[in-house]
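Report on the structure
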Amino acid sequence: MDKWEKYRIFVGKNADYYIPRFKKFEETQSVVSWNWAAFFFGLLWMLYRKMYLYSVIFTIALFLFGLLLSVFNLYNNLVMLGVQIWLWVGFGVFGNYVYYTHVEKKVKDIENRFPDPQMQAVILEKEGGVSWIAPIVFFLIIFVLQILAASQMR
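About the cut-offs
- Residues numbered from 1 in each chain as written.
- Predicted model: local features only at pLDDT ≥ 70, side-chain atom pairs only at ≥ 80, totals over all residues.
- Heavy atoms only, no water.
- Salt bridge = Lys/Arg side-chain N within 4 Å of Asp/Glu carboxyl O.
- Helix = DSSP H or I, 4+ residues; strand = E, 2+ residues; numbered from the N terminus.
- Buried < 20%, exposed > 50% of the residue type's maximum accessible area, 1.4 Å probe, protein only.
- Lys, Arg positive; Asp, Glu negative; His and termini not counted.
- Polar contact = N/O pair within 3.5 Å; in protein donor to acceptor, adjacent residues only side chain to side chain.
- Contact = heavy atoms within 4.5 Å.
- Core = buried A, V, L, I, M, F, W, Y, C linked by side-chain atoms within 4.5 Å.
- Phe/Tyr/Trp six-rings, centres within 6.5 Å; stacked < 30°, edge-to-face > 60°.
- Expected span 1.5 Å × (residues − 1).
- Arc of directions from axis to C-beta.
- Axes fitted to C-alpha atoms, helices over the stretch in contact; angles between N-to-C directions.
- Parallel < 35°, antiparallel > 145°, perpendicular 65-115°, else oblique.
- Left-handed = near helix turned anticlockwise from the far one by under 90°.
- Nonpolar A, V, L, I, M, F, W, Y, C, P; charged D, E, K, R; others polar.

**Observations regarding the pattern of salt bridges**
Under the definition given, this model contains six salt bridges. Measuring nitrogen to oxygen at the nearest pair gives 2.8 Å for the salt bridge that ties Glu111 to Lys6. Taken as a pair, Glu111 in helix 5 (residues 77-113) and Lys6 in helix 1 (residues 3-11) lie far apart in primary sequence, 105 residues in all. With relative accessibility at 10%, the residue Lys6 sits in the buried group. The closest approach of N and O atoms between Asp109 and Arg113, which form a salt bridge, is 3.2 Å.

**So, the side chain of Lys50**
Tracing the backbone through its elements, the reader meets Lys50 in the loop between helix 3 (36-48) and helix 4 (52-71). One buried charged side chain, Lys50, makes no salt bridge at all; its nearest oppositely charged neighbour is Glu127, positioned 8.6 Å away. At 2.8 Å, the side chain of Lys50 and the backbone oxygen of Gly128 are in polar contact. If near-sequence neighbours (up to four positions away) are discounted, Lys50 is found in contact with His102, Lys126, Glu127, Gly128, Gly129, Val130 and Ser131.

**Let's talk about the nonpolar core**
Of all hydrophobic cores here, the largest spans 27 residues; its most connected members are Tyr7, Val11, Phe22, Trp45, Tyr99 and Val103. If you list the elements that add at least two residues to this core, you get helix 1, helix 2 (15-28), helix 3, helix 5 and helix 6 (117-127). For this core, the leading source of residues is helix 5, giving eight residues.

**Observations concerning the environment of Leu87**
Relative to the elements of secondary structure, Leu87 occurs in helix 5. For Leu87 and Met119, which are 32 residues apart along the polypeptide, the C-alpha to C-alpha distance reads 38 Å. Ignoring any residue separated from it by four or fewer positions in sequence, one finds Leu87 in contact with Phe58 and Leu62.

**Here's the deal with the packing of aromatic side chains**
For the structure on display, the rule yields 19 aromatic pairs. Geometrically, the ring pair formed by Trp4 and Tyr7 is edge-to-face, given 5.2 Å between the ring centres and 80° between the ring planes. Here the residue Trp4 and the residue Tyr7 both occupy positions in helix 1, the gap between them amounting to three residues, near one helical turn. By the burial criterion, Trp4 is buried, and Tyr7 matches it.

**Concerning helix 4**
A rise of 1.5 Å per residue sets the reference length of helix 4, with its 20 residues, at 28 Å; its end C-alpha atoms lie 28 Å apart and thus fit the reference within 8%. Restricting attention to buried positions, one finds in helix 4 the residues Ser55, Phe58, Gly66 and Leu69. Projected down its long axis, helix 4 carries its buried residues within an arc of 70°, all on one side. Pointing more than 90 degrees away from the buried face of helix 4 are the exposed residues Leu53, Ile57, Phe63 and Val71. Positive phi shows up at Asn73, right after helix 4, with a value of about 55°.

**Points about the packing of helix 4 against helix 5**
The relative placement of two packed helices is expressed as an angle between their axes plus a distance between the axes. Packing of helix 4 against helix 5 leaves a shortest axis separation of 13 Å and a crossing angle of 160°. Judged by the inter-axis angle, helix 4 sits roughly antiparallel to helix 5. Two packed elements cross with a definite hand, and for helix 4 against helix 5 that hand is right-handed. Across the interface between the two elements, Tyr54, Phe58, Leu62, Phe65 and Leu69 from helix 4 touch Val79, Met80, Val83, Leu87, Phe91, Val98, Thr101 and His102 from helix 5. Of the residues assigned to the contact of helix 4 with helix 5, the class counts are 11 nonpolar, two polar and no charged.

Next up, the structure:
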């Protein structure tokens, strides 16, 4: 089983979309590509694609950035609109590459932990793919926190 077949197994759903982009990253050394799902859904897309560590790092960074804006009294609607546009475009432009680095790291890790190719295929399929649970749980948590925050403001 070659590298691309392992990536295909790990990616699972929509591998036909991702694999050609991954190959292009390697051929051109470019990190730029467009992903509409990443553009529109950002963090939820990362969770759907099981990029949990990236999601946690991104959430913490976003929280700290918001805190920094508050401390310096720069938190206003115009600044937040600019940040949102920047994030949407950033996810759209770099989402595929971030996912590529995630897949590459995970596949190498699985290869190192499981030398048997048949076992690798099983683990790649199990650890890769997509998850609807993570983005739904995250969305529900944010929704509940928003309700709690709104109720505290009354």
